[in-house]
Amino acid sequence: AADNLKADREIVLAAVTENGFAFEYAARHLKADRDFGLAAVTQNGFALLFLAHNLKADREIVLAAVTQDAKVLQYAAHHLKADREIVLAAVTQNGYAFEYAADELKADRDFVLAAVTQNGNALLHTFNNLKADREIVLAAVTQYAKALQYAAHH
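Note that the structure is a prediction, hence the values are computed from the model and not measured.

(A) Expanded view of the overall build of the protein chain. Counting its regular elements, the protein chain contains 10 helices and zero strands. When its C-alpha atoms are laid out on the principal axes, the protein chain stretches across 60 × 25 × 15 Å. Here the protein chain holds 154 residues, and 46% of them are scored as buried. A separation threshold of at least 6 residues defines the contact pool for the protein chain, and within that pool the share at least 24 residues apart is 42%. Carbon together with sulfur atoms contributes 52% to the accessible area of the protein chain, which is approximately 7,900 Å² in total. Taking the 15 positively charged and 19 negatively charged side chains of the protein chain as two groups, their mean positions are separated by 5 Å.

(B) View of the nonpolar core. Counting 48 residues, the largest nonpolar core has Phe 23, Val 41, Leu 48, Val 87, Phe 98 and Val 116 as the members making the most contacts within it. When contributions to this core are tallied by element, the ones reaching two or more residues are α2 (9-18), α4 (34-43), α5 (59-68), α6 (84-93), α8 (109-118) and α10 (134-143). Ignoring sequence-local partners within four residues, the contact set of Val 87 consists of Leu 73, Leu 80, Lys 81, Phe 98, Ala 101, Leu 105 and Phe 111.

(C) Quick look at the packing of aromatic side chains. Throughout the structure, instances matching the rule amount to five aromatic pairs. Each member of the aromatic cluster is reached from another via a ring pair, and the members are Phe 21, Phe 46, Phe 50 and Tyr 75.

(D) Summary view of the pattern of salt bridges. Evaluated as defined, the whole model comprises nine salt bridges. Across the salt bridge formed by Asp 58 and Arg 34, the nearest N and O atoms sit 2.6 Å from each other. With Asp 58 in the loop between α4 and α5 and Arg 34 in helix α4, this residue pair connects regions lying 24 residues apart in the sequence. Of the residues examined, Asp 58 reaches a relative accessible area of 16% and is grouped as buried. Under the relative-accessibility criterion, Arg 34 is labelled partly exposed at 31%. Close ionic contact of Lys 71 with Asp 69 constitutes a salt bridge, the shortest N to O distance being 3.3 Å. Overall, Asp 69 belongs to the buried group, its relative accessible area being 14%.

(E) Summary view of the environment of Ala 52. Note that Ala 52 resides in the loop between α4 and α5. Sequence separation of Ala 52 and His 78 is 26 residues, and the distance between their C-alpha atoms is 15 Å. Each residue touching Ala 52, except ones within four places of it in the same chain, is listed here: Lys 31 and Ala 32.

(F) Looking closely at the packing of α6 against α8. It is at 8 Å that the axes of α6 and α8 come closest, and there the two elements cross at 30°. Compared by their axis directions, α6 and α8 come out roughly parallel. Crossing of α6 over α8 shows right-handed handedness. Along the contact surface, α6 presents Arg 84, Val 87, Leu 88, Val 91 and Thr 92, while α8 presents Phe 111, Ala 114, Ala 115 and Gln 118. Grouping the amino acids of the contact of α6 with α8 by side-chain chemistry returns six nonpolar, two polar and one charged.

So, how was this worked out
Counting restarts for each chain: residues are numbered from 1 in the order of the written sequence. Residues qualify for local features only when their pLDDT is at least 70, as the model is predicted, and side-chain atom pairs are given and counted only at 80 or more; totals for whole chains, interfaces and linings, by contrast, use all residues. Excluded from the side-chain calculations are hydrogens and water; all other atoms, namely the structure's heavy atoms, are used. Secondary structure elements are taken from DSSP: a helix is a run of H or I of four residues or more, a strand is a run of E of two residues or more, and numbering for both begins at the N terminus. Exposure is judged per residue with a 1.4 Å probe applied to protein chains only, and the accessible area is read against the type maximum: over 50% gives exposed, under 20% gives buried, and values in between give partly exposed. Residues are treated as being in contact if the distance between any of their heavy atoms lies within 4.5 Å. Every accessible area reported is derived by Shrake-Rupley at a probe size of 1.4 Å, with residue values counting cover from the shown protein chains alone. Charged-residue counts in this description rest on Lys and Arg as positive and Asp and Glu as negative, His and the chain ends being excluded. Charge positions are represented by NZ for Lys, CZ for Arg, CG for Asp and CD for Glu. Buried Ala, Val, Leu, Ile, Met, Phe, Trp, Tyr and Cys residues that are joined via side-chain atoms within 4.5 Å together make up what is termed a nonpolar core. In this scheme Phe, Tyr and Trp rings, the latter by its six-membered ring, pair at centre separations within 6.5 Å, and the angle between planes marks the pair as stacked below 30 degrees, edge-to-face above 60, and tilted otherwise. We define a salt bridge as a contact between a side-chain nitrogen of Lys or Arg and a carboxyl oxygen of Asp or Glu at a distance within 4 Å. Only the stretch in contact is used when fitting a helix axis, every axis being a line fitted to C-alpha atoms; angles between N-to-C directions are given from 0 to 180 degrees. By the definition adopted for this analysis, an angle is roughly parallel if under 35 degrees, roughly antiparallel if over 145, roughly perpendicular if from 65 to 115, and oblique otherwise. Crossings are sorted by hand: turned counterclockwise from the far helix by less than a right angle, the near helix makes the crossing left-handed, and turned clockwise it makes it right-handed. Residues are grouped as follows: Ala, Val, Leu, Ile, Met, Phe, Trp, Tyr, Cys and Pro are nonpolar; Asp, Glu, Lys and Arg are charged; all remaining types, including Gly, are polar.

In structure tokens, the structure reads:
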């Protein structure tokens with residue numbers, strides 16, 4: 001498309017709403033625009049992938065993105081992967097997103113208990129000692145019975 005169309009906010013937002021990966025083709029200045037970036041990830045979390053680096057470290061943008069599509073936690077700045085609210089929002093949306101959480105959260109018993117209570121699939125990506133924790137496994141399988149497959153042996 002012509003460069004002026006790739007810079008047209010209405011056109012780009014319509015494209016991103018349909019498919020977050022369309023943001024790859026947007027004008028560079030839109031990828032660095034905080035307000036536009038927030039609007040884009042609110043429509044499709046995968047737009048986070050193409051935002052300017054500093055916006056991947058913006059807490060509000062990342063929270064909006066993972067709320068829309070949890071898997072984009074993997075594209076967030078490292079320090080936000082240790083943010084309890086962001087990771088819990090992602091895990092609530094999709095338990096498998098716990099894979100991208102910081103190790104300190106995967107090792108935090110209280111946090112893991114909160115995560116598996118929201119989505120039992122989070123048990124898959126917790127540390128093995130917590131996969132053998134009766135209370136954690138019970139919370140996980142109460143939320144999602146098939147999480148039992150991720151429990152560790154004693």
